[in-house]
Structures are given as structure tokens and as C-alpha cells.
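Here's the letter readout for the chains.
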Amino acid sequence: MTASGRMSELSTRRLRADDAADVIAAADLLCRGGLVAFPTDTVYGLGTTVWDAPAVARIFAAKQRPSEKAIPVLLADFDGAGALVDDLPAGLVELAARFWPGALTLVAVARQTVPEIVTAGTGTVALRVPDHPVTLALLRRTGPLAVSSANRSGLESPVSAAEVLVQLDGRIDAVLDGGRCPGGQPSTVVDLTQSPPQVVRCGPISEQAIRMVLAGQ
């Protein structure tokens, strides 16, 4: 995709996660506002730097994603949450300590510095630390990334680089091929801005396990 946001006529670049130079190249693309698909512990994600609003807008364009749907943010570790939320809501520390890194996304009130396109005007941001060595290697180089599943909206979330290219070839800058994702199911999402916190999407981590942690068990 070009810097102006127009779809490129060239094929998407295919990089290898087992090549250190390719991982660095993917991280550099992400830092410069490029769109890169990469494996996570759930499904392949499509990401860019969270602080570049025009770059995040290109995620929406590539996926044909409705503008009212917020984009989740992936972090390298728990400490990264402080750059995106002002106050840690009740339950976030406990749930993060138990399930991060892992397939749990936590929704909290966003700092005003988070681009509105990331929050979709909700004032909240969805955070997760993934449990995948390739994703974490990227995040340690790039900082927080705005990441959605690497699919056209309404279609199945891909679990391999080949599946990404079926849907997004020519619409994104690169795909980092790390083989098949081990999970294959989107993360569980818990909204911590509600009282009590609510599970708004079921996933690999059960609602019962969430409730037990929140109850102090």
C-alpha cells in the first residue's frame, strides 16, 4: 500500500519469521506506518503503530472494516498499558497477572493521547499481551501496535500466511510467515469499564475462569 493510502498494484511482500533480518524488516515497516500481518497465539493479526492515525485508517481500508469498530492494541508486556490508560481499573492487574501473556483482551478507559480512530470514539481501548514469540519480538521493537485480525471483515480469521494472502494480497505491505497459529480462536474480551466487569466475547479463556480471578479465588 502506498503512503497516500491507495492500494498498491504490487503483491504483498512475504517475510519469514525464522529469519532475523525479515523480523527486523517487518518491525521497521510497522514503525513507519506500514501494514504487516503476523502470527499471534490466536489468529494472524494485521497491525501498524498505534500512534499513527492515518496508518490505522489503512487497516480499516484494507479489511473493509466498519469505522465504528475499535481496533485492539497489542503490548509487549503489562508495563506498556500505562501509555494507553490513565488509571488501571479494578480487576485489570489481577486478570493480567493471571492470563497475560495469553488470549485475554481487557477493555479500559483510554488516555486522551490514544488516536480516536483506535478507540472508534468510545473513549476506551482494548489491550492484550499475546503469548507468541514472533509477536513479542515485533512488539519489543515497535512498541504498542493497533492490531485486528488479518481478514476481510465478515470473513474467517486466518491462521496461516497463505490464508492471509488469499484475502489481503496487494492490500497490505507484508505478511510475516510464522507457520500456523497455535490457537485459531480470537481472544476472550472483558470490559472493565462496566461494574461488574462483563465478558463481551467468549474465547479460549472461560467466563468461569475470569469470574474466579475477579472474586479473588
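Whatever comes next refers back to the structure up there.
Here's what I pulled together on the structure shown here. (Residues numbered from 1 in each chain as written. Predicted model: local features only at pLDDT ≥ 70, side-chain atom pairs only at ≥ 80, totals over all residues. Heavy atoms only, no water.)

**Description of the overall build of the protein**
Helix and strand counts for the protein stand at seven helices and ten strands. Taken over the C-alpha trace, the protein has a radius of gyration of 16 Å; the compact-globule value for 217 residues is 17 Å, and the two agree within 12%. Oriented by its inertia axes, the alpha-carbon framework of the protein measures out at about 50 × 35 × 30 Å. Residues counted as buried form 52% of the 217 residues belonging to the protein. Taken as a whole, the protein presents about 9800 Å² of accessible surface, with 50% of it coming from carbon and sulfur. Distance between charge centroids for the protein: 4 Å, based on 19 positive and 22 negative side chains. (Helix = DSSP H or I, 4+ residues; strand = E, 2+ residues; numbered from the N terminus. Rg over C-alpha atoms; globule rule 2.2 N^0.38 Å. Buried < 20%, exposed > 50% of the residue type's maximum accessible area, 1.4 Å probe, protein only. Areas by Shrake-Rupley, 256 points an atom, 1.4 Å probe, with all protein chains shown as cover. Lys, Arg positive; Asp, Glu negative; His and termini not counted. Charge placed at Lys NZ, Arg CZ, Asp CG, Glu CD.)

**Let's talk about a nonpolar patch on the surface**
On the surface, a cluster of nonpolar side chains totalling about 240 Å² of accessible area is made up of Phe78, Leu88 and Val93. Mapped onto the elements, Leu88 comes out in the loop between β4 (73-74) and α3 (92-99). A relative accessible area of 43% places Leu88 in the partly exposed class. (Patch = residues over 30% accessible without salt bridge, like charges linked within 9 Å, V, L, I, M, F, W, Y side chains within 5 Å. Salt bridge = Lys/Arg side-chain N within 4 Å of Asp/Glu carboxyl O.)

**Observations regarding helix α5 (residues 133-142)**
Turning to α5, its buried residues are Val134, Thr135, Leu136, Leu138, Leu139 and Thr142. Residues of α5 that are buried make contact with α1 (20-31), β2 (36-38), β4, β7 (145-149) and β8 (174-177). Following α5 by one or two positions, Gly143 adopts a phi angle in the positive range, close to 80°. (Contact = heavy atoms within 4.5 Å.)

**Some details on the nonpolar core**
Ranked by size, the top nonpolar core spans 65 residues in total, and within it Phe38, Leu46, Leu95, Leu104, Leu106, Leu127 and Leu176 carry the most contacts. Broken down by element, this core gets its largest block of residues, six residues, from α1. In contact with Phe38, not counting residues within four places along its chain, are Leu30, Val43, Tyr44, Gly45, Gly47, Leu74, Thr135, Leu138, Leu145, Val147 and Leu176. (Core = buried A, V, L, I, M, F, W, Y, C linked by side-chain atoms within 4.5 Å.)

**What to know about the packing of α3 against helix α7 (residues 207-214)**
Relative orientation of the contacting elements α3 and α7 amounts to 125°, with a least axis distance of 9 Å. Looking at the two axes, α3 sits oblique to α7. In the packing of α3 onto α7, the handedness of the crossing is right-handed. For the pair α3 and α7, the contacting residues are Glu94, Leu95, Arg98 and Phe99 in the first and Ala209, Ile210, Val213 and Leu214 in the second. Looking at the contact of α3 with α7 residue by residue, the class counts come to six nonpolar, no polar and two charged. (Axes fitted to C-alpha atoms, helices over the stretch in contact; angles between N-to-C directions. Parallel < 35°, antiparallel > 145°, perpendicular 65-115°, else oblique. Left-handed = near helix turned anticlockwise from the far one by under 90°. Nonpolar A, V, L, I, M, F, W, Y, C, P; charged D, E, K, R; others polar.)

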